[in-house]
Amino acid sequence: MITSLAQDLVRTHYVFPEVADQVADVLADVTPTGDDAADAAALTAALQSVNGDRHLRVQHYPEGVPPDEDEEAVLAWFAEMARTEGPAITDVRRLEGNIGLVVIGPVIMTPEHVGPAAAAAFTLLAGVERLVLDLRGCRGGVPESVALLVSHFVGDDVVHLQDLVRRDGGVVAFSTTPSVSPKVPADVPVLVLTSAQTFSGGEELAYDLQALGRAQVVGETTGGGAHPRDAFDLTPHLQLHVPTARSVNAVTGTNWEGTGVVPDVACPADEALSRAVGAR
């Protein structure tokens, strides 16, 4: 039964073992109906009822779960998503007043897709007097690519951005890549637009730039999901996502889990661009 499988996976892999048993116990009250969409919703509600971890969820994929183990299949899946949704950068414009706009999302893809797109975007916007990064529709991404994007906004020294601390105590560190080019000059103000839908990797990009003092965040408090997750297939159409590490920002020593990224200039998301363009 998918409920018992989900319980075992949460107990074994959830980054907070002291909470895992509580979550698994709540799952016992969920009886699958055979309706994949309804079962995903019910399981997700139970999974998130203990501590509100929005990365802890069951996703329903009507066309079949995405690959998560076969490396070639995973790369092919990312390549297809990049082709249909964009590699992370979906719009690049020079606005009136020599203001650059880069729209990032819906997902920040793997570095082989993000790297060329970011280099092209910032090359096209060379010479702008202000730069706006629109993350209002960015719902996630991979940490390696977030670090790659941040690299365009810092100098020639390696900057430690964050650590992912796994359940077993193992640590994976993420830093900028000094060789990335072109660089956005340090005297060019950067504003990051957010919404309540900005989530996960999109939040990390906003949080990192804000913590480094490199950008002001304009818009709404973000969704509050900081824990990277692994995926486990429950059925051919249902996949369990379990956070297996916690993010620790190198500047703040904490993260945005549960609180979201709090904007420097709070306003409704649909007003964020006009506020950023009019900022002085």
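Refer to the structure printed above.
Read on for a plain summary of the structure.

How each quantity is defined
Residues numbered from 1 in each chain as written. Predicted model: local features only at pLDDT ≥ 70, side-chain atom pairs only at ≥ 80, totals over all residues. Heavy atoms only, no water. Helix = DSSP H or I, 4+ residues; strand = E, 2+ residues; numbered from the N terminus. Buried < 20%, exposed > 50% of the residue type's maximum accessible area, 1.4 Å probe, protein only. Contact = heavy atoms within 4.5 Å. Axes fitted to C-alpha atoms, helices over the stretch in contact; angles between N-to-C directions. Parallel < 35°, antiparallel > 145°, perpendicular 65-115°, else oblique. Left-handed = near helix turned anticlockwise from the far one by under 90°. Nonpolar A, V, L, I, M, F, W, Y, C, P; charged D, E, K, R; others polar. Pairing = 2+ DSSP bridges.

Moving on, we come to the environment of threonine 90. Relative to the assigned elements, threonine 90 resides in strand 2 (residues 89-95). Taking the relative accessible area as the measure of exposure, threonine 90 reaches 45% and is therefore partly exposed. Along the primary structure threonine 90 and histidine 13 are separated by 77 residues, whereas in three dimensions their C-alpha atoms are 35 Å apart. Aside from chain neighbours lying at most four places away, what touches threonine 90 is Glu85, Val103, Gly105 and Pro106.

Another point: the packing of helix 5 (residues 111-124) against helix 6 (residues 143-151). Contact geometry for helix 5 and helix 6: axes closest at 9 Å, N-to-C directions at 15 degrees. Judged by the inter-axis angle, helix 5 sits roughly parallel to helix 6. For helix 5 against helix 6, the interelement crossing comes out right-handed. Between helix 5 and helix 6, the residues in contact are Pro111, Val114, Gly115 and Ala118 and Glu144, Ser145, Leu148 and Leu149, respectively. Class assignment of the residues belonging to the contact of helix 5 with helix 6 gives a composition of five nonpolar, two polar and one charged.

Turning to the pairing of strand 2, a few remarks are in order. Strand residues, when the strand is regular, have side chains that alternate between the two faces of the sheet. Pairing of strand 2 with strand 3 (residues 99-104), which is carried by six bridges, proceeds in the antiparallel orientation. The partner of aspartate 91 across the bridge, within strand 3, is valine 103. The turn linking strand 2 back onto strand 3 is made up of three residues, and glycine 97 within it adopts a positive phi angle of 90 degrees.

Another aspect to go through is the sheet that holds strand 13 (residues 245-249). Reading across the sheet, the three strands line up as 8-7-13 and stay open at both edges, with antiparallel pairing between neighbours. Edge positions in the sheet fall to strand 8 (171-175) and strand 13, since each has one partner strand and no second. The sheet shows a mean angle of 20 degrees between the axes of neighbouring strands, direction not considered. Bridging between strand 7 (residues 160-166) and strand 8 involves five bridges; their strand directions are antiparallel. Across the sheet, residue glutamine 162 finds its bridge partner in strand 8, namely phenylalanine 174. With respect to the sheet, helix 6 is in contact with strand 7 and strand 8, its orientation differing from that of strand 7 by roughly 170 degrees.

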